[in-house]
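Descriptive analysis of the structure
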Amino acid sequence: MSRTHEHLPGLTLEHLPLGTGATPVRRLDFGLVGGAEVWVKDESAYGDGGWGGNKVRKLEWIIPEARRRGTRALFTVGGIGTHWGLVAALYGREHGLRTVLGLVEQPVDQHVREQFARLEASGAELHRYRDQRQLRLAVPLIYATATVRDRRLPWFLPAGGSNAFGALAYVETSYEIADQVAAGELPEPATVVTAVGSGGTAAGLALGLRLAGLPTRVLGVVVNDAFPLDAPVIAGLANQCADLLRSRSAELDVAPVRPDDVTMRSDWLGATYGDPTPASTAAVSAAAEEGFELEPVYTGKSLAAIRDLAARGELAEPVLWLNTHGPR
Ligand SMILES: Cc1ncc(COP(=O)(O)O)c(C=O)c1O
């Protein structure tokens, strides 16, 4: 039984465990974060098979729902280095679902090249476009082709799996965090920091921390400029997730999440999604010296934000930083 089910008795959503929690928490080295009190929750090893990252947790809610709907194919979108698309393809295949991916170009470095090679080997059906506009134009044809082949509509999942089902991943994680606080494994965080690529993680946290009774504020480090990821968008998704829980028989005793309840900042984005900024590259190198691996697109930028804010004395501490790196 998931923690969410334990806390919301009567919930009729199914959860498929794909990894083993609770993911570990530990305090980060002083030097790495300018002496601030920063704890890390290491999501990078979540997921049986060692894939890790925050996307596996989203599929724990999406795959059972796909089965309930009689879906044969997941249709989703992302950049050519999409972590989400790869994890959806691999775990979907394991659970009898095909994955169709609409991909758009992004700045290419070694990491992106490797990711794309993994996508090609994953068994997913790939459709590659120059930009968002071209992809949008092609969507009806991709959708129709998959429908004719499967004699069933594919389930369209937004980029990053960030619909209300995907956001449940970080409702579940919020309950996990609350249990770790109660067990004395970490202090009650004043702030939780996460990279924001499509919003599901931040939205799930915004709702989940509230449901779990923690006063922690979500600070989202926005790393994607392909679509709006501001506070109203994140609060809106958090409330859609609450509506989903209510529609599946959960009794929630919390007020709606308001845009003022979350902080979304794009200061570390750089020129565009995937741009490896000097600050993110420096954060990746500093983390490597401490013995953990990050990448410059998401986790490098979220750690860079913490380092900068700590240097300016602008962090509400203690901080809990989600290391969402994965898959590998
Ligand atoms: C490594 C990593 N961290 C963080 C994120 C952000 O999560 P979300 O898409 O839920 O905003 C993503 C995906 O976008 C990711 O791949």
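The residue numbering used here restarts from 1 in each chain and proceeds along that chain's sequence as written. Selection of residues for local features in this predicted model requires a pLDDT of at least 70, selection of side-chain atom pairs for listing and counting requires 80 or more, and totals for whole chains, interfaces and linings are taken over all residues. The side-chain quantities take in all heavy atoms of the structure and omit both hydrogens and water.

**Observations regarding the overall build of the protein chain**
The secondary structure listing takes helices from DSSP runs of H or I that are at least 4 residues long and strands from runs of E that are at least 2 residues long, numbered from the N terminus. Within the protein chain, the regular secondary structure consists of 10 helices and 10 strands. Projecting the C-alpha coordinates of the protein chain onto the three principal axes gives extents of approximately 55 × 45 × 35 Å. To sort residues, take the accessible area from a 1.4 Å probe on protein chains only and compare it with the maximum for the residue type: under 20% means buried, over 50% means exposed, and anything in between is partly exposed. Looking at the protein chain as a whole, 59% of its 328 residues qualify as buried. Should any heavy atoms of two residues lie within 4.5 Å, those residues are counted as being in contact. Expressed as a percentage of contacts within the protein chain between residues at least 6 apart in sequence, the contacts between residues at least 24 apart total 80%. We count Lys and Arg on the positive side and Asp and Glu on the negative side, and we leave His and both chain ends out. The atoms used to mark charge sites are NZ of Lys, CZ of Arg, CG of Asp and CD of Glu. Here the protein chain carries 32 positive and 38 negative side-chain charges, and the mean point of each set is 8 Å from the other.

**Comments concerning the pairing of strand β8 (residues 217-222)**
Counting buried positions over the six residues of β8 gives five, a clear majority of the element. Strand pairing follows a simple DSSP-based rule, namely that at least 2 bridges must link the two strands. Pairing geometry for strand β7 (residues 191-196) and β8, over six bridges, is parallel. Across the sheet, residue Thr194 finds its bridge partner in β8, namely Gly220. For the crossover that starts at β7, traverses helix α7 (residues 200-211) and ends in the parallel β8, the hand is right-handed. As judged from the four bridges shared by β8 and strand β9 (residues 262-265), these two strands associate in the parallel manner. For Gly220, the partnering residue across the bridge sits in β9 and is Met264. Clockwise travel from the first strand over the helix to the second, with the strands pointing away from the viewer, marks a crossover as right-handed. Remark: the β8/helix α8 (residues 231-247)/β9 crossover connection has right-handed handedness.

**A word on the packing of α7 against α8**
Orientation is described by lines fitted to C-alpha atoms, with helices fitted over the stretch in contact, and by angles between N-to-C directions that extend from 0 to 180 degrees. Two elements in contact, α7 and α8, have axes whose closest approach is 8 Å; the angle formed by their N-to-C orientations is 60°. Considering the angle they form, α7 stands oblique to α8. Crossing handedness for the pair α7 and α8: right-handed. Residues Gly200, Ala202, Ala203, Ala206, Leu207 and Leu211 of α7 touch α8, and the partners they reach there are Ile234, Leu237, Ala238, Cys241, Ala242 and Leu245. Gly is placed with the polar residues, together with every amino acid not listed as nonpolar (Ala, Val, Leu, Ile, Met, Phe, Trp, Tyr, Cys and Pro) or charged (Asp, Glu, Lys and Arg). The class makeup of the residues in the contact of α7 with α8 is 11 nonpolar, one polar and no charged. Orientation categories follow fixed angle ranges, with anything under 35 degrees roughly parallel, anything over 145 roughly antiparallel, 65 to 115 roughly perpendicular, and all other angles oblique. By definition, turning the near helix anticlockwise from the far helix through less than a right angle yields a left-handed crossing, and turning it clockwise yields a right-handed one.

**Points about the layout of surface pockets**
The computed volume of the largest pocket comes to approximately 700 Å³. Two kinds of site are reported from a 1 Å grid over the protein atoms alone, namely cavities, where a 1.4 Å probe fits but cannot get out, and pockets, open sets with protein on both sides within 12 Å along at least five of seven lines, and residues are called lining when an atom falls within 4 Å of a point. Forming the walls of the largest pocket are 42 residues, and the residues nearest its centre are Gly78, Gly79, Ala159, Asn224 and Phe227. Elements with a contribution of two residues or more to the lining of the largest pocket: α2 (55-69), β3 (73-79), α3 (83-94), α5 (132-150), β7 and α7. For the lining of the largest pocket, the element with the highest residue contribution is α5, accounting for four residues. Here the residues of the lining of the largest pocket are counted per class, giving 15 nonpolar, 19 polar and eight charged. Split by domain, the lining of the largest pocket shows at least three residues from each of two domains, domain 1 (3-54 + 162-323) and domain 2 (56-161). Grid points are joined across faces, edges and corners, and a volume is the space filled by probe spheres set on the points. Domain delimitation in this document rests on an assignment produced automatically or drawn from a domain database.

**Some details on the sheet that holds strand β4 (residues 98-104)**
Overall, parallel pairing links the four strands, which are arranged β5-β4-β3-β6 in an open sheet. The sheet is open, and its two edges are formed by β5 (125-129) and β6 (155-157), each paired on a single side. With strand direction ignored, the average angle separating the axes of adjacent strands in the sheet is 20°. Across the sheet, helix α4 (residues 110-121) is in contact with β4 and β5; its angle to β5 comes to roughly 140°. Sheet strands touched by α5: β3, β4, β5 and β6. Its angle to β4, the strand with the most contacts, is close to 165°.

**Observations regarding the domain arrangement of the protein chain**
For the protein chain, the assigned domains are domain 1 (3-54 + 162-323) and domain 2 (56-161). Taken together, the contact pairs 42 residues of domain 1 with 29 residues of domain 2. The contact between domain 1 and domain 2 buries some 2,900 Å² in all, and 62% of this surface belongs to carbon and sulfur atoms. A per-residue breakdown of the area domain 1 buries against domain 2 is headed by Leu16, Leu18 and Trp51, which together make up 22% of the total. Any carboxyl oxygen of Asp or Glu that lies within 4 Å of a side-chain nitrogen of Lys or Arg is treated as forming a salt bridge with it. Between the two partners, domain 1 and domain 2, sit three salt bridges. Taking the shortest distance from any N to any O, the salt bridge between Glu43 and Arg57 comes out at 2.6 Å. Under the rule applied, a polar contact is a pair of N or O atoms within 3.5 Å (in protein, one hydrogen donor and one hydrogen acceptor; residues adjacent in sequence only if both atoms are side-chain atoms). For the pair domain 1 and domain 2, the interface holds 14 residue pairs in polar contact (both at pLDDT 80 or more). Computed with a 1.4 Å rolling probe, the buried area is the accessible surface lost when two parts are put together, summed over both parts.

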